[in-house]
Amino acid sequence: MSTLSAGIVNIALPTMSEQFHVSLENIQLVVSLYLLVLTCLLPVFGKLSDLYSRKWMYLGGFITFGVGALFGALANSLTTMLLARAVQGIGSSAMMATSQALIAQIFHGKSRGKAFGAIGAVVAGGSLAGPAIGGALIQAWGWRSIFWLTIPICILGVWRGIYLIPRFKAIKKMKMDYLGAAYFAGMSFTFLYALNTATDKGWNHPLILLSFALSLVLFLLFFRREHTSKYPFIGLTIFNIKAISYGCLVAVLGYTALFTNSVLLPFYLADIMHLDPIHIGMLILPFPITLAITSAVSGALCAKWPARIITTAGFVLLIISTLMFAFIGSEPSLSYIVLAQLIMGAGSGTFQVPNNNTVISAAPKGKLGVVASVNALSRNVGMIAGIALSVAICVLVQRYLESRGILPDTAFIGGYQAAMLFGTACSVVGGVLSAKR
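Visitor: I would appreciate a short explanation of the overall build of the protein in the present structure.
Guide: Along its length, the protein carries 17 helices and zero strands. The C-alpha radius of gyration of the protein comes to 21 Å, within 12% of the 22 Å expected for a compact globule of 437 residues. C-alpha extents for the protein along the principal axes are approximately 65 × 55 × 40 Å. Each of the 437 residues in the protein was classed as buried or not, and the buried ones make up 51%. Within the protein, contacts between residues at least 6 apart in sequence are counted, and of these 81% link residues at least 24 apart. Here the protein displays about 19,400 Å² of accessible surface, and carbon together with sulfur accounts for 70% of that area.

Visitor: How do you make sense of a nonpolar patch on the surface when you look at a structure like this?
Guide: Judged by side-chain polarity, Ile63, Val67, Leu70, Phe71, Leu74, Leu83 and Trp148 come together as a nonpolar surface patch covering roughly 620 Å² of accessible area. Ranked by residues supplied to the nonpolar patch, first place goes to helix α4 (residues 54-74) with five residues. Position of Leu83 relative to the elements: it lies in helix α5 (residues 78-106).

Visitor: Is there a simple way to explain the pattern of salt bridges in this structure?
Guide: When charged atoms on two side chains of opposite charge get close, those side chains can pair. On inspection of all chains with the given rule, the structure shows one salt bridge. Note that Asp177 is salt-bridged to Arg225, the shortest N-O span being 3.0 Å. One end of the pair, Asp177, is in the loop between α7 (145-164) and α8 (178-201); the other, Arg225, is in helix α9 (residues 206-228), with 48 residues separating them in the sequence. Judged by relative accessible area, which is 4%, Asp177 ranks as buried. On the basis of relative accessibility, which here comes to 28%, the residue Arg225 falls in the partly exposed class.

Visitor: Would you mind showing me how to read helix α10 (residues 242-259) here?
Guide: Given 3.6 residues to a turn, an α-helix orients residues that are three or four positions apart in the same direction. An ideal rise of 1.5 Å per residue puts 26 Å on 18 residues; α10 measures up with 25 Å between its terminal C-alpha atoms. Of all the residues in α10, the buried ones are Ile244, Gly247, Cys248, Val250, Ala251, Leu253, Gly254, Tyr255, Thr256, Ala257 and Leu258. Where the residues of α10 are buried, they touch α13 (286-301), α14 (307-326), α15 (334-361), α16 (368-403) and α17 (408-436).

Visitor: It is not clear to me how the packing of aromatic side chains should be interpreted in this structure. Could you clarify?
Guide: We describe a pair of aromatic rings using the distance from one ring centre to the other and the angle between the two ring planes. In the structure shown here, the tally under the stated rule is ten aromatic pairs. With a centroid separation of 5.8 Å and an interplanar angle of 55°, the aromatic rings of Phe184 and Phe233 are classed as tilted. Taken together, the positions of Phe184 in helix α8 and Phe233 in the loop between α9 and α10 put the pair 49 residues apart, joining distant regions of the chain. Considered together, Phe184 and Phe233 belong to a single accessibility category, that of buried residues. Judged by centre distance (5.8 Å) and plane angle (65°), the rings of Phe191 and Phe212 are edge-to-face. Of this pair, Phe191 sits in helix α8 while Phe212 sits in helix α9, and the two are 21 residues apart along the sequence.

Visitor: Please clarify how the nonpolar core should be interpreted in this entry.
Guide: Buried together is how nonpolar side chains tend to be arranged in soluble globular proteins. Counting 38 residues, the largest nonpolar core has Tyr58, Met176, Phe184, Phe233 and Ile234 as the members making the most contacts within it. Of all the elements in the fold, those that place two or more residues in this core are α3 (29-51), α4, α5, α7, α8, α9, α10 and α16. Ranked by residues supplied to this core, first place goes to α3 with seven residues. Counting 33 residues, the second largest nonpolar core, distinct from the first, contains Phe325, Ala326, Cys394 and Cys426.

Visitor: Hey, could you run me through the state of the cysteines in this one?
Guide: Covalent bonding between the sulfur atoms of two cysteines is what defines a disulfide. Scanning the entire structure with this criterion turns up zero disulfides. For Cys426, which is in no disulfide, the shortest distance to another cysteine sulfur is to Cys394 and amounts to 15 Å. Using a relative accessible area of 8% as the deciding quantity, one classes Cys426 as buried.

Visitor: What is the right way to look at the packing of α5 against α16 in this model?
Guide: Each pair of packed helices can be summarised by the angle the axes make with each other and by the distance between the axes. Where α5 meets α16, the closest approach of the two axes is 8 Å, and the angle between their N-to-C directions is 130°. Classed by the angle they form, the pair α5 and α16 counts as oblique. Between α5 and α16 the crossing geometry is right-handed. Within the contact between the two elements, α5 uses Met96, Ala97, Gln100, Ala101, Ala104 and Gln105 and α16 uses Leu368, Gly369, Ala372, Ser373, Asn375, Ala376, Arg379 and Asn380. Here the residues of the contact of α5 with α16 are counted per class, giving seven nonpolar, six polar and one charged.

The rules we used
- Throughout, a residue's number is its position along its own chain's written sequence, starting from 1.
- Restriction of local features to residues with pLDDT of at least 70 applies here, the model being predicted, together with a cutoff of 80 or more for giving and counting side-chain atom pairs; totals for whole chains, interfaces and linings are based on all residues.
- By convention in this description, side-chain values take in all heavy atoms of the structure and omit both hydrogens and water.
- By definition, any uninterrupted DSSP run of H or I lasting at least four residues is a helix, any uninterrupted run of E lasting at least two residues is a strand, and each is numbered from the N terminus.
- Atoms considered for the radius of gyration are the C-alpha atoms alone. The globule rule reads 2.2 Å times the number of residues to the power 0.38.
- Buried means the residue's accessible area, taken with a 1.4 Å probe over protein chains only, is under 20% of the maximum for its type, while exposed means over 50%, and partly exposed covers the values in between.
- Residues are treated as being in contact if the distance between any of their heavy atoms lies within 4.5 Å.
- Methods summary: accessible areas were calculated by the Shrake-Rupley approach with a probe of 1.4 Å, and residue burial reflects only the protein chains presented.
- Think of a patch as exposed residues, more than 30% relative accessible area, with no salt bridge, where like charges cluster within 9 Å and nonpolar side chains (Val, Leu, Ile, Met, Phe, Trp, Tyr) cluster within 5 Å.
- The salt bridge criterion pairs a side-chain nitrogen of Lys or Arg with a carboxyl oxygen of Asp or Glu, the two atoms within 4 Å.
- Expected helix span is computed as 1.5 Å times (number of residues minus one).
- Pairing of aromatic rings covers Phe, Tyr and Trp, the last through its six-membered ring, and needs centres within 6.5 Å; plane angles under 30 degrees mean stacked, over 60 mean edge-to-face, and all others mean tilted.
- Working definition of a nonpolar core: buried Ala, Val, Leu, Ile, Met, Phe, Trp, Tyr and Cys residues. They are joined through side-chain atoms within 4.5 Å.
- Any cysteine sulfur atom paired with another within 2.5 Å is treated as part of a disulfide.
- The angle between two axes is taken between their N-to-C directions and runs from 0 to 180 degrees, where each axis is a line fitted to C-alpha atoms and a helix contributes only its stretch in contact.
- Working definition: roughly parallel below 35 degrees, roughly antiparallel above 145 degrees, roughly perpendicular at 65 to 115 degrees, and oblique for all remaining angles.
- Here a crossing is taken to be left-handed if its near helix is turned anticlockwise relative to the far helix by less than a right angle, and right-handed if that turn runs clockwise.
- Ten residues, namely Ala, Val, Leu, Ile, Met, Phe, Trp, Tyr, Cys and Pro, are considered nonpolar, four, namely Asp, Glu, Lys and Arg, are considered charged, and the remaining ones, Gly among them, are considered polar.

This is how it looks when you write it as structure tokens:
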């Protein structure tokens, strides 16, 4: 539901922009605010799920997401829509922070990798179906229908979850460090906000510089609090466990590499190859298809092969695919693009599942929720960083080349190549770390 909703809302943005009479820059807040709220609260809900009922934390996320959908369906201005998306971000964060921990508690041994593989396939399926379902709903019943659709799904999820999800005992000896949680959430929000909007506003914009500075101050306060609190919010000692520290770093690098292409490829297909939206969508489809297939396959392989071998193989595929896009040129064949997308999707599905399994399985007693949420946080930070940094690199190189008299299309290809080589570099470092753990 969460990944399906993300794809559907993206399709609805132009229609919302027209109805609310706001610019593209402002309507983009509908997406970015959702991602920021979701990401910043992940460790908070992860910690709370260790202290209280993980089952009801997860189902509470379903309910909150549904309430946000109701607000969205009734929204009559950008302000009320942003409120709705913030509420949905809270609900999605609660679900994402606890879902992997629930899987880890319910499944053990060889079956755990298969369960993570199944989850990965479902996530990919939601991403795949989102744009198509969104387009059909908006065409038939308008953009509000995408929010109305979510409400019965939430009700169904809560109803079945009450009966299907076991209730595990919470850990009563631990307490929540709310000040540490506030420092962490504030640090994450200011840093990710600055990273997400720096390309639009300019990296030397006063608001961006202030946000980076504030995030640094909050980080120092959080770091000090972690070492002085009797009940630290995260407990930085979890990163002394190599499986966790390497796994989270590998996740950041892997998702950064993946998302260097997520925004730039559609622009390349539209502006350089002059393809229409239907053909662009068809060329993007191979990625989630192979992601869904390889997620299930790599989950099954976790029971037979060491995780580092599978994840490293995934990074090799990412290196190949990012290099293919880096040297795509101006007139590639459609089969070349499809092959590169297939390889990138296969690389993504191959490294994600065993990496998640390794991190979650290494969680010490009483910190399963925290570790699962930090792992999810690593993924989201990689996504945001991949988009922000790749766009920044592409724009900077493109402007430099244009200042040297290079034609705009050629300059864009040069910027795109630089961004994809950055993705290759992230894949190489991620592969090396994956092999060493």
